[in-house]
Amino acid sequence: MSVQDGMFAREQGGVNWRSNALSEVPFRVYTDPRQYALEQETIFKGETWNYLCLANEIPSPGDWVATTIGEVAIIVARDTDGQVNAFVNRCAHRGNLLCLKNKGHGREITCIYHGWSYDLAGELTGVAFEKGVKRQGGMAPEFHKDEHHLHRLRVEELCGLVFGTFSERVADLQAYLGSVVVGGIKRVLDGRPTHIIGRSTQILPNNWKLYFENVKDTYHASILHSFLTTFRINRLSMPGGINISEDGGNHFSFAKLDYAAEDADYQAAKLRSDTDLKLEDNSVVESVDEFGDQISVQILTVFPNMVLQQVRNTIAVRVIRPRGVDRTELEWVHLGFDSDDETMQERRLRQGNLIGAAGYISMEDGCVGGFVQRALKDNDDDSGIVMMGGHDAESQNFRASEAAIRGFWKKYRALTGV
Amino acid sequence: MADDTVRLGIHELIAAYADCIDDDRLEEWADFFVDDCRYLVTDRESHEAGLKHGVIYCASRGMLVDRVTSLRRVLMFEEHRYRHLVGPTRILSLDGKVAETRSNFFIARIMHDGGTSLFATGRYLDRIDVSRAPYRFIERLVVLDSQKIDTLLVIPL
């Protein structure tokens, strides 16, 4: 997007920030359709890297998947050279949607409308009746196939995660992520081959930012998700912290667990709360220290659309897809390692009850954003307060903080220019 | 073909299960299952791809009880109910002790404010212990037609 386009979009934007403080967020940012349009241009199509897919979803030349960046339809394909390419899912001819399924395989992609075809690098290779029929019609002589191709994105891959950007200016992926967050990704996706063990999509009745803030919000976890405290899963004494990239956009929070002590508790059947409640079957939380560092929870975000989670022995990529100012689709892609034995496979499945649309410690995140959205309906003149742990967006060695949320707004405001 | 007694017993189990949930008698829900049971909620695409990770995976009666305890005492959500419409049940196989059946369903969600929507469609793929009365589920696999779930899934399907 050009600077002029950005200026225009900003003039159309409807939200005024009362100050430069990161700890104050105008409610209208979640409700204003003009703000939403501004975000599509300056964030999703702007200087950001967006998660696209896993490299192992397109293992062979000819494989492709359809996805989105913001609301823009995207194709990610592996071409005959094994190179991963991404381009807008829109025919160069009349703008028709090229790929109508979620995934496929082939040497080329052909538009159903007029039969224009493209190779998996996005080059236009065929135009039906280019020379006309019986010497009549055909494309005008100044038309040259090699002057037309699909709108290509920059693509980079890290630890099997494929990212794309519309921007020519944004820094390389690893510089964008920041070394600390790169380290967080490499800790979980540590080189062992992974595969998808399940996926589902949760429809959130709220603005995408409410979910993104929720993931960065280490303050709410032990309050809203009372499953954690009721069954003493999230111990307040657990050491942890928040690491935030310099630009604020990316982060990971983590907490350590004394696995041995918890295991002893299970053996003594003491995994119960101060109330009379106790789990009948502890296998939903029985976990092993698979990374050997006692970190039992690591929640990592990449601005603006990806979460990588390790919650005990569950590993998942969550993709945040805006679908209008008050609707978001949250895709859960659950991962296992190819080296998992049967015990580990079963463990990941049982602990899977913790996460996703029916997850004991995540289902509430599916409704709470909707409650905020409803409360803001025609009632969005004020600002929210994000002051827990101060006013800055710096890394902290404690979790009773909203620092990562302030990081989100730091990045957001730098991109939207407000 | 299954004799009428077995057929009626299977139909009674499947209808009583739906009534139990729709009437909010969830404390009785686990009683529809044998102790060493499986209850899984997944979707057609994952099921056909052989992916085992659905949205709910209970591999024991205790895990079912924990679902209900959590729903009643722990989890935060807006009050709502379901209305099941379960189609005719087909008995796919029967060996005297275990019946394998398929039943299609529509489930509406009725929010506390009256808002009603079609929440889930799909099929139950069941393995039922018919060796003694009352019949119970050994396995109930809930295969949703769609991979999309609106907001959250807390009441069992």
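Residues numbered from 1 in each chain as written. Chains lettered and ligands numbered in written order. Predicted model: local features only at pLDDT ≥ 70, side-chain atom pairs only at ≥ 80, totals over all residues.

(A) Layout of the overall build of chain B. Within chain B one finds three helices and seven strands. Reading the helices (α) and strands (β) of chain B from amino to carboxyl end gives α-β-α-β-α-β-β-β-β-β. The C-alpha atoms of chain B give a radius of gyration of 15 Å, which matches the 15 Å a tight globule of 157 residues would have. Over its C-alpha atoms, taken along the principal directions, chain B stretches across nearly 45 × 30 × 25 Å. A total of 157 residues make up chain B; the buried ones form 36% of that total. (Helix = DSSP H or I, 4+ residues; strand = E, 2+ residues; numbered from the N terminus. Rg over C-alpha atoms; globule rule 2.2 N^0.38 Å. Buried ≥ 20, exposed ≤ 12 C-beta atoms within 10 Å, placed from the backbone.)

(B) Representation of the sheet that holds strand β8 (residues 117-119) of chain A within the structure. All names here are of chain A. With respect to topology, three strands assemble into an open sheet ordered β7-β8-β9, the strand pairing being antiparallel. Whereas interior strands pair on both sides, the edge strands pair on one side only; in this sheet they are β7 (108-110) and β9 (124-126). In this sheet, neighbouring strand axes are inclined to one another by 35° on average, regardless of whether the strands run parallel or antiparallel. The sheet contact formed by β8 and β9 spans two bridges and is antiparallel. Within the sheet, the bridge partner assigned to Y118 lies in β9 and is L124. (Pairing = 2+ DSSP bridges. Axes fitted to C-alpha atoms, helices over the stretch in contact; angles between N-to-C directions.)

(C) Fine view of the sheet that holds strand β2 (residues 56-58) of chain B. Residues and elements named next belong to chain B. Reading across from one edge, β2-β1-β6-β5-β4-β3 is the order of the six strands in this open sheet, with mixed pairing throughout. At either end of the open sheet lies a strand with only one pairing partner, and these are β2 and β3 (80-94). Adjacent strand axes in the sheet meet at a mean angle of 20°, parallel and antiparallel pairs treated alike. In the sheet, strand β4 (residues 98-111) pairs with strand β5 (residues 116-129) via 13 bridges, with the strands oriented antiparallel. Bridge pairing in β5 links A108 to L118. Sheet strands in contact with helix α1 (residues 4-22) are β3, β4 and β5, and its direction is about 165° off that of β3. (Contact = placed C-beta atoms within 7 Å.)

(D) Examining the interface of chain A and chain B more closely. Between chain A and chain B, the contact holds 32 residues from the first and 32 residues from the second. Put simply, the parts of the chain that give the side of chain A that touches chain B at least two residues each are β12 (194-204), α7 (226-230), α9 (342-351) and α10 (363-375) of chain A. Tallying contributions element by element places β12 of chain A first for the side of chain A that touches chain B, with eight residues. Looking at the side of chain A that touches chain B, its residues break down into 15 nonpolar, twelve polar and five charged. The pairing of β12 of chain A with strand β7 (residues 148-150) of chain B spans three bridges and is classified as parallel. Directly across from Q202 of chain A, in β7 of chain B, lies its bridge partner I149 of chain B. (Nonpolar A, V, L, I, M, F, W, Y, C, P; charged D, E, K, R; others polar.)

(E) Looking closely at the nonpolar core. Residues and elements named next belong to chain A. V76 and A358 are the most contacted members of the largest nonpolar core, which has 134 residues in total. Residue assignment places this core across two domains, with domain 1 (51-156) and domain 2 (178-416) each supplying three or more. If sequence neighbours within four positions are ignored, V76 has contacts with L52, C53, I58, W64, V65, T67, V84, A86 and V162. (Core = buried A, V, L, I, M, F, W, Y, C linked by C-beta atoms within 7 Å. Domains from an automatic or database assignment.)

(F) Molecular detail of the pairing of β4 of chain B. Residues and elements named next belong to chain B. Here β3 runs beside β4; their pairing, made up of twelve bridges, is antiparallel. Along β4, the bridge assignment pairs S93 with E100. Counted along the chain from β3 to the antiparallel partner β4, the turn is three residues long, and its residue G96 has a positive phi close to 100°. If you look at the hairpin formed by β4 and β5, you'll find four residues sitting between the two strands, and G114 has a positive phi there, around 95°.

(G) Representation of helix α4 (residues 179-188) of chain A within the structure. All names here are of chain A. Turning to α4, its buried residues are V181, G184 and I185. In a view along the axis of α4, the buried residues occupy a sector of 95°, so they form one face of it. In this structure, α4 carries S179 and K186 as exposed residues pointing more than 90 degrees from its buried face. Tucked inside the fold, the buried residues of α4 contact β10 (154-158), α3 (173-177), β13 (240-244), β14 (251-256), β15 (295-302) and β16 (306-311). (Arc of directions from axis to C-beta.)

(H) Region of interest: the pairing of strand β11 (residues 161-165) of chain A. Residues and elements named next belong to chain A. β11 sits mainly inside the fold: five of its five residues count as buried. Here β11 shows two buried faces, one formed by L161, F163 and T165 and the other by V162 and G164. Sheet topology note: the β10/β11 ladder contains five bridges and is antiparallel. Its bridge partner being in β11, E156 is matched across the sheet by F163. Remark: two residues form the turn of the hairpin made by β10 and β11, two consecutive strands paired antiparallel; C159 in that turn has positive phi of roughly 50°.

(I) Inspection of the packing of helix α5 (residues 208-216) of chain A against helix α11 (residues 403-416) of chain A at higher detail. All names here are of chain A. Taken N-terminus to C-terminus, the directions of α5 and α11 make an angle of 140°; their axes are 7 Å apart at the nearest point. Relative to α11, the element α5 is oriented oblique. For the pair α5 and α11, the crossing hand works out as right-handed. Only A404, I405, G407 and F408 of α11 make contact with α5, whose side of the interface consists of F212, E213 and K216. (Parallel < 35°, antiparallel > 145°, perpendicular 65-115°, else oblique. Left-handed = near helix turned anticlockwise from the far one by under 90°.)

(J) Local environment of the confidence of the model for chain B. With 99% of its residues at a pLDDT of at least 70, chain B reaches an overall mean of 96. In the predicted assembly, ipTM is 0.96 and pTM is 0.94. (pLDDT = per-residue confidence, 0-100.)

(K) Fine view of the domain arrangement of chain A. All names here are of chain A. What the domain assignment lists for chain A is domain 1 (51-156) and domain 2 (178-416). Between the C-alpha centres of domain 1 and domain 2 the distance comes to 36 Å. Of the residues belonging to the side of domain 1 that touches domain 2, the class tally is one nonpolar, three polar and one charged.

(L) Highlighting the environment of D66 of chain B. Relative to the assigned elements, D66 of chain B resides in helix α3 (residues 61-73). If sequence neighbours within four positions are ignored, D66 of chain B has contacts with L279, E280, D281 and V284 of chain A.

(M) Here's a closer look at unusual backbone geometry. Of the consecutive residues F303 of chain A and P304 of chain A, the connecting peptide bond is found in the cis state with omega at 5°. The topology assignment puts P304 of chain A in the loop between β15 and β16. Of note, the amide linkage connecting A133 of chain B to P134 of chain B takes the cis form, showing an omega dihedral of -5°. With respect to the secondary-structure elements, P134 of chain B resides in the loop between β5 and β6 (136-144). Its identity is not glycine, yet D24 of chain B carries a phi of approximately 60°, on the positive side. By the element assignment, D24 of chain B lies in the loop between α1 and β1 (33-43). For T151 of chain B, which is not a glycine, the phi torsion comes out positive at approximately 70°.

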